[in-house]
Amino acid sequence: MEKRIQSALISVFYKDGLEPIVKLLHELNITIYSTGGTQSFIEKLNIPVVAVESLTSYPSILGGRVKTLHPSVFGGILGKRNDEVHRAEMKQFNIPEIDLVIVDLYPFEETVASTTDEKTIIEKIDIGGPSMIRGAAKNFSDVMVVAAKTDYTALENILREQKGTTTLEQRRLFAFKAFETVAHYDVAIVKYFQEHPAPQQESTYFLESASPVHSLRYAENPHQKGSFYGPLEKLFTQLNGKELSYNNLVDIDAALQLINDLNSLGNTTSFAIIKHTNVCGAALRNSVKEAWDAALAGDPESAFGGVLITNGIIDEITAQAINEIFFEVLIAPGYDIAALQILKTKKNRILLQSLTPIENNVQFKSVLNGVLVQEQDKGNFTEWKEMGGRAISDVEKEDLIFANIICKHLKSNAITLVKNKQLIGKGCGQTSRIDSLRQAIEKSKQFQFDLNNAVMASDAFFPFDDCVKMGHEAGIHSFIQPGGSIRDKDSIEYCKQNHLTMIITGMRHFKH
């Protein structure tokens, strides 16, 4: 059902992009109602505007907290045009019909991001705006509502092409967008109250909202639809390549989480290779090129088609080396000009410049008929107990810390083998820990690494002493694990008898 717009109520915080719409409404002989700063903006355009105060007979009061909350305003928005009782009451109380509502919301999220002053933040909780938006959206049968400046262009096109009329389908679509806008706004307010003051309050409902939406070519598999919600531009800038896919984003997340932990090791250059969210190559070295060479050497076979990440600047010599293999994504904090020229020779190759670390404190997972929520797995150990048969050396300690971090970022059950700050073997995703160790040892043998004096990390406790025995037989002399098994003493006693080191961290790192 088409409706001709006769009147519009405009009250917005952001005025950019509004001018052409206001001028078009005037050209279409549509009466404009407004208040406050928006009214002044329209008057400066020399366009007639009716003050909302002339409808309500009340000025803006309470420091602007109350200006549109009045039956003369909401009656004009909510009144059903085909309801005789509504029409009679609107006539009785001199309530004009309002056919178009253009209202945005106070910048609550922006204010929270820019200040910690609670008084300022609370004043940016909009009351009248959401009420008018919800009212107009509820009455979409008769009223068109625009709740965000991102929809100004679409509205302008409709008004121009349809000469001031709207269809029911258009009004329903904009109502949907309006309810979305208000819902997101309300969630942001709830999140603020949940997190301030600390400690966090536990919510009765699962409330999360993120924007903008990025439509993906497909999800995990081509027959699945997928989308990503969130401001990716805050984390990185894409310098080259095709659109990011669902699987790319999952692996990029794994890579960024890993590099965050590796950066905790101090002023050292790290390079890692991710495949299906698992680390298949990683190393710490004095230069990016050396780190790349060592990371690739750990498993050059699995590196094919992987996601690469470093905390160093990609220079020309490193770019030449990386350019020799096929990979999906490369993430770095910067690139030399010559390096970019080399890497951009493949148009589909995704090059990302990292900007800021991921700061999410919680993780969500859809399971059964609900959602699991957990804190991020932050930290690497809560204690450092030397329980073996001798003291560890400084070199062993560095390798053990590195191995423990890499193990944390593998699917359980996980085992990592490290030597000279290089991942030389790993086993992950196995249904028994001993199988993960077998896999790790075989990987190291496949690429001809010497396990003598290597170290081993486990993401969870050793349920028996079999892993320590097998590792020792392969040449490993240092072990790190969270402990917590009722049979911890078996593994510890074996280490003591054979002069091996054993570190208990007190922190498990299961990853499913």
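Residues numbered from 1 in each chain as written. Predicted model: local features only at pLDDT ≥ 70, side-chain atom pairs only at ≥ 80, totals over all residues. Heavy atoms only, no water.

1. Considerations on the state of the cysteines
Under the criterion given, the structure shown has 0 disulfides. Counting only cysteine sulfurs, Cys 280 is the nearest neighbor of Cys 428, a cysteine outside any disulfide, at a range of 9.3 Å. Take Cys 428: its relative accessible area is 14%, and that puts it in the buried class. The cysteine Cys 495 is free of any disulfide, with Cys 467 supplying the nearest cysteine sulfur at 12 Å. (Disulfide = S-S within 2.5 Å. Buried < 20%, exposed > 50% of the residue type's maximum accessible area, 1.4 Å probe, protein only.)

2. Some remarks on the environment of His 86
Relative to the helices and strands, His 86 resides in helix H5 (residues 84-92). Here Lys 80 takes part through its backbone nitrogen, which lies 2.9 Å from a polar atom of the side chain of His 86. (Helix = DSSP H or I, 4+ residues; strand = E, 2+ residues; numbered from the N terminus. Polar contact = N/O pair within 3.5 Å; in protein donor to acceptor, adjacent residues only side chain to side chain.)

3. Points about the packing of helix H11 (residues 246-263) against helix H15 (residues 394-408)
Where H11 meets H15, the axes come as close as 10 Å, and the angle between the chain directions of the two elements is 160 degrees. Of the possible angle classes, the one that applies to H11 and H15 is roughly antiparallel. Here H11 and H15 pass one another in a crossing that is right-handed. Listed contacts from H15 to Leu 258, Asp 261 and Leu 262 of H11 are Phe 402, Ile 405, Ile 406 and Lys 408. (Axes fitted to C-alpha atoms, helices over the stretch in contact; angles between N-to-C directions. Parallel < 35°, antiparallel > 145°, perpendicular 65-115°, else oblique. Left-handed = near helix turned anticlockwise from the far one by under 90°. Contact = heavy atoms within 4.5 Å.)

4. Here's the deal with helix H9 (residues 152-161)
Buried residues of H9: Tyr 152, Leu 155, Glu 156, Ile 158 and Leu 159, and no others. The buried residues of H9 all sit within an arc of 165 degrees when viewed along its axis, so they share a single face. Residues Thr 153 and Glu 161 are exposed on H9 and point more than 90 degrees away from its buried face. Looking at the buried side of H9, the elements it contacts are helix H1 (19-27), strand E5 (100-103), strand E6 (144-146), strand E7 (165-166) and helix H10 (168-195). After H9 finishes, the residue Lys 163 shows a positive phi value of roughly 50 degrees. (Arc of directions from axis to C-beta.)

5. Comments concerning empty space enclosed by the protein
For the structure shown, the criterion picks out 1 cavity of 30 Å³ or more. In this model, the largest cavity occupies a volume close to 40 Å³. The wall of the largest cavity is formed by Cys 280, Gly 298, Asp 299, Leu 423, Ile 424, Gly 425, Lys 426 and Lys 443. For the lining of the largest cavity, the element with the highest residue contribution is strand E20 (residues 423-427), accounting for 4 residues. Residue composition of the lining of the largest cavity, grouped by class: 3 nonpolar, 2 polar and 3 charged. (1 Å grid on protein atoms, 1.4 Å probe; cavity = no way out; pocket = protein on both sides within 12 Å on 5 of 7 lines; lining within 4 Å. Points joined across faces, edges and corners; volume = space filled by probe spheres on them. Nonpolar A, V, L, I, M, F, W, Y, C, P; charged D, E, K, R; others polar.)

6. Thoughts on unusual backbone geometry
Note the cis peptide between Ser 211 and Pro 212, where omega equals 0 degrees. Omega for the bond connecting Ser 412 with Asn 413 falls within 30 degrees of zero, at -10 degrees, which places this linkage in the cis form. Among the structural elements, Asn 413 can be located in the loop between H15 and strand E19 (415-418). A positive phi angle is found at Lys 163, which is not glycine, with a value near 50 degrees. Its place among the elements puts Lys 163 in the loop between H9 and E7. Overall, the relative accessible area of 59% leaves Lys 163 in the exposed class. Located in the positive-phi region is Lys 421, a residue other than glycine, with phi close to 55 degrees. For Lys 421, the position within the fold is in the loop between E19 and E20.

7. A few points about the packing of helix H17 (residues 466-474) against helix H18 (residues 488-497)
Contact geometry for H17 and H18: axes closest at 8 Å, N-to-C directions at 30 degrees. Classed by the angle they form, the pair H17 and H18 counts as roughly parallel. Note on element contacts: H18 touches H17 through Ser 491, Tyr 494 and Cys 495, opposite Val 468, Lys 469 and His 472. Of the residues contributing to the contact of H17 with H18, the split by class is 3 nonpolar, 2 polar and 1 charged.

8. Quick notes on the sheet that holds strand E23 (residues 501-504)
Read across the open sheet, the 6 strands follow the order E18-E23-E22-E21-E19-E20; overall the sheet is mixed. The strands lining the two open edges of the sheet, one partner per strand, are strand E18 (385-386) and E20. Sitting on the sheet, H15 touches E19, E20, strand E21 (455-458), strand E22 (478-481) and E23, and the angle it makes with E21 is about 35 degrees. Across the sheet, H18 is in contact with E22 and E23; its angle to E23 comes to roughly 145 degrees. (Pairing = 2+ DSSP bridges.)

9. Things to note about the pattern of salt bridges
Should the charged atoms of two oppositely charged side chains come close, the side chains can pair. The tally for this structure, following the rule as stated, stands at 22 salt bridges. Measuring nitrogen to oxygen at the nearest pair gives 3.2 Å for the salt bridge that ties Asp 16 to Lys 149. Of this pair, Asp 16 sits in the loop between strand E2 (7-11) and H1 while Lys 149 sits in the loop between E6 and H9, and the two are 133 residues apart along the sequence. Overall, the relative accessible area of 45% leaves Asp 16 in the partly exposed class. (Salt bridge = Lys/Arg side-chain N within 4 Å of Asp/Glu carboxyl O.)

10. Examining the environment of Val 307
Its location among the elements puts Val 307 in strand E13 (residues 306-310). Sequence separation between Val 307 and Val 279 is 28 residues; the distance between their C-alpha atoms is 9.5 Å.

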